[in-house]
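The chain contents come next:
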Amino acid sequence: MEQYFKTTPTRDGYFGEYGGAMLPPPLVPHFEEIAAAYDKLSKSAEYMNDLRYIRKHFQGRPTPVSYLRNLSERCGGAQIYAKREDLNHTGAHKLNHCMAEGLLARYMGKTKLIAETGAGQHGVALATAAAYFGMECEIHMGAVDMVKEAPNVVRMQLLGATVVEVTEGAATLKEAVDSAFGSYIAQADKALFGIGSVVGPHPFPMMVRDFQKIVGIEAREQFLEMTGELPDVVAACVGGGSNAMGLFSGFIADAGVEIFGVEPLGTSPKLGDHAASLTYGQDGDIHGFHTKVLLDEEGNPAPVNTLASGLDYPGVGPEHAHLQKIGRVNYQAADDKEALAAFYDLSRYEGIIPALESAHALAFAMREAPSRPGQSILINLSGRGDKDLDYVVETYGFGND
Ligand SMILES: *Cc1c(COP(=O)(O)O)cnc(C)c1O
């Protein structure tokens, strides 16, 4: 796997058989422009220096790795560690790629960032980047989501973004994607589309992975320094898959490290009850790329369900579909109940309130630890739980004991 990043993806954006760029014709030249600009900038010392400066002085990187001593003792077996992306500015890993997208936009001479958002987390991170770079920002959001995620709408507005209310169809994420793409086509000369995960047409799955690599690079070095060895297991939750690709990138070439992606099993393995695209999906196309997708009987993307709105996607980044196919990464699922138990346990026993998304990775570690005495598990704590507090406490109270 030493050569992995040199050959994956191919120049046209294929991770094995997955990925690619299926675009409406008017967008083809714009995506080619983005790919060419990124190709040049990713080799430029000036761009990398700017990115380093932003990460250190604005985002607060490096984020630490924490040893979860109390939780490890309670689980028995493996020692559990967490990479603390919850300590990144704005509270999650998403800023890693949003700041890099903003910087790319500036180098390309663009003055505006456009995107859709579901739960609002990506919108907030991109609006933060736009404010930092002094750019306009236009975020499309379903009317239904705007009501559900009102605090994030306020955040985006405070950050100076225009939030476009999308009322078509079910008025949620899918309609917001269509609306944002429509608006982008009309303004692509001056705007960059900021995709929120390792999904979408080439070059975004590759670029967003590269922007998130910092998580794995730091974590590997920090873990070695703390323990003198590499972890036996690394794990991260997988929605679109960006925080997972960030952590995994640091360990893909280490044959001795087992890697696990953790998908949301929602309330049951029945189609419609979960969002575990790699565990239960099939090969298909979604949003301009080829990957594993959850499809209904008509072959359309199926409805999905999980407690963690950031994992709510019927597809998955093409690189994960590839890593599953070649057997380098194992994908498992954790359900709402396990994630919720992990959410309460990390809060109570370690003093860290995790995002419900990240709680899926922790749930996997807690389930796996007893059967791995003498080993170590490093998870990516992709974000903090502030955004989930009200919902969890109103719906489930303060936990059982
Ligand atoms: C958005 C989000 C995720 C899911 O996105 P990926 O691209 O799968 O990483 C996970 N954790 C947190 C905290 C998020 O905000």
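Residues numbered from 1 in each chain as written. Predicted model: local features only at pLDDT ≥ 70, side-chain atom pairs only at ≥ 80, totals over all residues. Heavy atoms only, no water.

Enquirer: Help me get a handle on the layout of surface pockets, residues and values and all.
Expert: Taken as a whole, the second largest pocket holds about 820 Å³ of empty space. Along the wall of the second largest pocket there are 28 residues; nearest its centre are Tyr38, Ser42, Met48, Asp210 and Lys213. Within the residue set of the lining of the second largest pocket, elements represented by two or more residues are helix 1 (4-7), helix 2 (28-41), helix 3 (45-59), helix 10 (204-212) and helix 11 (214-227). Here the lining of the second largest pocket is composed, by residue class, of twelve nonpolar, four polar and twelve charged. If you count residues domain by domain, the lining of the second largest pocket takes at least three from each of domain 1 (16-56 + 94-205) and domain 2 (60-91 + 212-396). (1 Å grid on protein atoms, 1.4 Å probe; cavity = no way out; pocket = protein on both sides within 12 Å on 5 of 7 lines; lining within 4 Å. Points joined across faces, edges and corners; volume = space filled by probe spheres on them. Helix = DSSP H or I, 4+ residues; strand = E, 2+ residues; numbered from the N terminus. Nonpolar A, V, L, I, M, F, W, Y, C, P; charged D, E, K, R; others polar. Domains from an automatic or database assignment.)

Enquirer: Could you give me a rundown of the site of the ligand, with the residues and numbers involved?
Expert: The full set close to the ligand counts 16 residues, and Lys94, Ser197, Gly241, Ser242 and Ser382 are the nearest of them. Ser242 places a polar side-chain atom, nitrogen or oxygen, 2.7 Å from an oxygen atom of the ligand. Within the contact set of the ligand, an oxygen atom lies 2.8 Å away from a side-chain nitrogen or oxygen of Asn243. Against a free-state accessible area of 380 Å², the protein chains account for coverage of 97% of the ligand. Looking at the shell around the ligand residue by residue, the classes come out as four nonpolar, ten polar and two charged. (Near = heavy atom within 4 Å. Polar contact = N/O pair within 3.5 Å; in protein donor to acceptor, adjacent residues only side chain to side chain. Areas by Shrake-Rupley, 256 points an atom, 1.4 Å probe, with all protein chains shown as cover.)

Enquirer: Can you explain the pattern of salt bridges? Please cite residues and give values.
Expert: As enumerated under the stated definition, the model contains 22 salt bridges in all. A salt bridge links Asp210 to Arg209; its shortest N-O distance comes to 3.1 Å. Accessibility classification places Asp210 together with Arg209 in one group, the buried group. A salt bridge links Lys213 to Asp210; the shortest N-O distance between them is 3.6 Å. Connected through salt bridges with shared partners, the residues Arg61, Lys83, Glu85 and Glu218 form a single ionic network. (Salt bridge = Lys/Arg side-chain N within 4 Å of Asp/Glu carboxyl O. Buried < 20%, exposed > 50% of the residue type's maximum accessible area, 1.4 Å probe, protein only.)

Enquirer: Can you tell me about the sheet that holds strand 14 (residues 376-381), naming the residues and giving the values?
Expert: Across the sheet, which stays open at both edges, the six strands sit in the order 3-4-14-9-10-13 with mixed pairing between neighbours. Bordering the open sheet on either side are strand 3 (65-67) and strand 13 (329-335), each of which pairs with just one other strand. On average, each strand axis in the sheet is tilted by 25° relative to the strand beside it, whichever way the strands run. Summarising the sheet, strand 10 (residues 258-266) and strand 13 pair through seven bridges and their orientation is parallel. Within strand 13, the position partnered with Phe260 by the bridge is Asn330. (Pairing = 2+ DSSP bridges. Axes fitted to C-alpha atoms, helices over the stretch in contact; angles between N-to-C directions.)

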